Amino acid sequence: MLAEPGASAPGRGRLQFASLGSGSKGNATLVSDGETHLLVDCGFGLRETERRLARFGLHPRQLDAVLVSHEHGDHIRGVGPLARRHGVAVYLTPGTWRSGRLGELPVRHWITPQQRFAVKGLTISPVTVPHDAREPVQFRLHGSERSLGVLTDLGHPTEHVAEVFFGCDALVLECNHDVQMLAEGPYPAHLKRRVGGDWGHLANAQAAALLPRLGLDRLQHIVCSHLSEHNNRPELVREALVPLLDGDESRLRVSCQAAGMAWQAIG
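Nothing here was measured: the structure is a model prediction, and the numbers come from that model.

Asks: Residue-level account of the layout of surface pockets, with values.
Replies: By volume, the largest pocket is sized at about 220 Å³. If you go around the largest pocket, you meet 15 residues; those closest to its centre are S24, Y187, R194, V195 and H201. Broken down by element, the lining of the largest pocket gets its largest block of residues, three residues, from helix α7 (residues 189-196). Considering only residue class, the lining of the largest pocket consists of three nonpolar, eight polar and four charged.

Asks: Break down helix α1 (residues 46-54) for me, citing the residues and quoting the values.
Replies: Those residues of α1 lying buried are L46, T49, R52 and L53. Around the axis of α1, the buried residues are gathered within 130° of arc, so they sit on the same side. Those residues of α1 that are exposed and aimed more than 90 degrees away from the buried face are R47 and A54. Check the buried side of α1 and you find it contacts β1 (16-21), β2 (28-32) and α3 (79-86).

Asks: Break down the pattern of salt bridges for me, with residues and values.
Replies: One pass over the full model with this rule turns up nine salt bridges. Note that K25 is salt-bridged to E229, the shortest N-O span being 3.8 Å. Residue K25 is found in the loop between β1 and β2, and its partner E229 is found in the loop between β12 (221-225) and α9 (234-241); the two are separated by 204 residues along the sequence. What makes E229 partly exposed here is its relative accessible area of 47%. Salt-bridge contacts for R218 lead to D169; the nearest nitrogen and oxygen are separated by 3.0 Å.

Asks: I'd like a rundown of the sheet that holds strand β14 (residues 261-265), residues and numbers included.
Replies: Pairing in this open sheet of seven strands is mixed, and the strands run β6-β5-β4-β3-β2-β1-β14 from one edge to the other. Strand pairing shows two members of the sheet lacking a second neighbour, β6 (108-110) and β14, which therefore form its edges. Averaged over all neighbouring strand pairs, the angle between strand axes comes to 20°, with direction disregarded. Pairing between β1 and β14: three bridges, direction antiparallel. The residue bridging S19 from the neighbouring strand is M261, located in β14.

Asks: Any chance you could break down the nonpolar core for me, citing the residues and the numbers?
Replies: Ranked by size, the top nonpolar core spans 28 residues in total, and within it L151, F165, L171, L173, L211, C224 and L241 carry the most contacts. Secondary structure elements with two or more residues in this core: α5 (159-164), β11 (170-174), α8 (204-210), β12, α9 and β13 (252-254). When residues in this core are grouped by element, the largest group, three residues, is from α8. When near neighbours in sequence (up to four residues on either side) are disregarded, L211 contacts L171, L173, L216, L219, I222, L241 and L244.

Asks: Explain the packing of aromatic side chains to me, and be specific about the residues and the numbers.
Replies: Pairs of aromatic rings are described using the distance from one ring centre to the other and the angle between the two planes. Across all of its chains, the model carries three aromatic pairs by this definition. Pairing F56 with W263 gives two aromatic rings, centres 5.8 Å apart and planes at 85°, and the pair type is edge-to-face. Note that F56 is positioned in the loop between α1 and β4 (65-67) and W263 in strand β14, a separation of 207 residues in sequence. Both residues of the pair, F56 and W263, belong to the buried class.

Asks: Go over the sheet that holds strand β9 (residues 137-143), please, and point to the residues and values.
Replies: A sheet is described by the order of its strands in space; here seven strands give the open sequence β7-β8-β9-β10-β11-β12-β13, paired in mixed fashion. Of all strands in the sheet, those with a lone pairing partner are β7 (117-119) and β13, marking the two edges. Averaged over all pairs of adjacent strands, the angle between their axes in this sheet comes to 20°, without regard to strand direction. Bridge analysis of β12 against β13 gives three bridges, and the strand direction is parallel. Counted as the bridge partner of V223 is R253 from β13.

Asks: Now, about the state of the cysteines: what can you tell me, with residues and values included?
Replies: Inspection of every chain in the model, using the stated rule, returns zero disulfides. Here C42 stays free of any disulfide, with the sulfur of C256 as its closest cysteine sulfur at 17 Å. Looking at C42, the relative accessible area reads 0%, which means it is buried. The cysteine C175 is free of any disulfide, with C224 supplying the nearest cysteine sulfur at 4.0 Å.

Asks: So what's going on with empty space enclosed by the protein? Which residues, and what values?
Replies: This structure, assessed with the given rule, holds one cavity of 30 Å³ or more. In this structure, the largest cavity encloses a volume near 140 Å³. If you go around the largest cavity, you meet 19 residues; those closest to its centre are S22, N27, T29, T152 and V172. Broken down by secondary-structure element, the contributors of at least two residues to the lining of the largest cavity are β1, β2 and β12. By residue class, the composition of the lining of the largest cavity is seven nonpolar, 11 polar and one charged.

Rules used in this analysis
Residues numbered from 1 in each chain as written. Predicted model: local features only at pLDDT ≥ 70, side-chain atom pairs only at ≥ 80, totals over all residues. Heavy atoms only, no water. 1 Å grid on protein atoms, 1.4 Å probe; cavity = no way out; pocket = protein on both sides within 12 Å on 5 of 7 lines; lining within 4 Å. Points joined across faces, edges and corners; volume = space filled by probe spheres on them. Helix = DSSP H or I, 4+ residues; strand = E, 2+ residues; numbered from the N terminus. Nonpolar A, V, L, I, M, F, W, Y, C, P; charged D, E, K, R; others polar. Buried < 20%, exposed > 50% of the residue type's maximum accessible area, 1.4 Å probe, protein only. Arc of directions from axis to C-beta. Contact = heavy atoms within 4.5 Å. Salt bridge = Lys/Arg side-chain N within 4 Å of Asp/Glu carboxyl O. Pairing = 2+ DSSP bridges. Axes fitted to C-alpha atoms, helices over the stretch in contact; angles between N-to-C directions. Core = buried A, V, L, I, M, F, W, Y, C linked by side-chain atoms within 4.5 Å. Phe/Tyr/Trp six-rings, centres within 6.5 Å; stacked < 30°, edge-to-face > 60°. Disulfide = S-S within 2.5 Å.

Set out below in structure tokens:
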């Protein structure tokens, strides 16, 4: 059964974010200041995306844009259909576009990594990350004098990533796999190498090592995302991260595949 995320879109004047769902079967993060509504990736089919948005009190035509991080299916499955059906603008890198996986996009804008751009009241900093895609980026979003980092699909935490995401007020952070579970799990050897490699996905231990470099004291919300259904468990994520928070779990949440996560307001 899906959790009840909240019946209405957020009010004006506060940066807020939510998750439609996160994992290997689909990823989408909502970001809003009450007037501007963005979707970071859309890895669910059109009908499922419409259904999940409705649970947050939003119609697709209320979206001002979809920001695309890279071309893997769990991040773009619904991007083209959403754009064509509802006229939503899509922002993506030329490399992601050249993958040929998105189809026709009626309103398309190029992202230049490391070059800020604005969508109405929100400013977006696209950040180059190491991942096995053509031109992948992740995003730091600024609005209402606060900032949110969306940092998933990251093979390893580079110095550049640590510098750009330092000082966020909230963070959506990949905790894809537990190293031991991946090693002992059902994936074939080549897929284990890919997931655990420098261009794959972030392990719990890597996320734990990165967090102190990002300024823990300022972080109001830490949302663990993109958990592998085969190679991770929420309790292992908490076991890795809670000690960094002096045992205080109130700032820590896990975004799951089915239920996503309710609106989180950044104070």
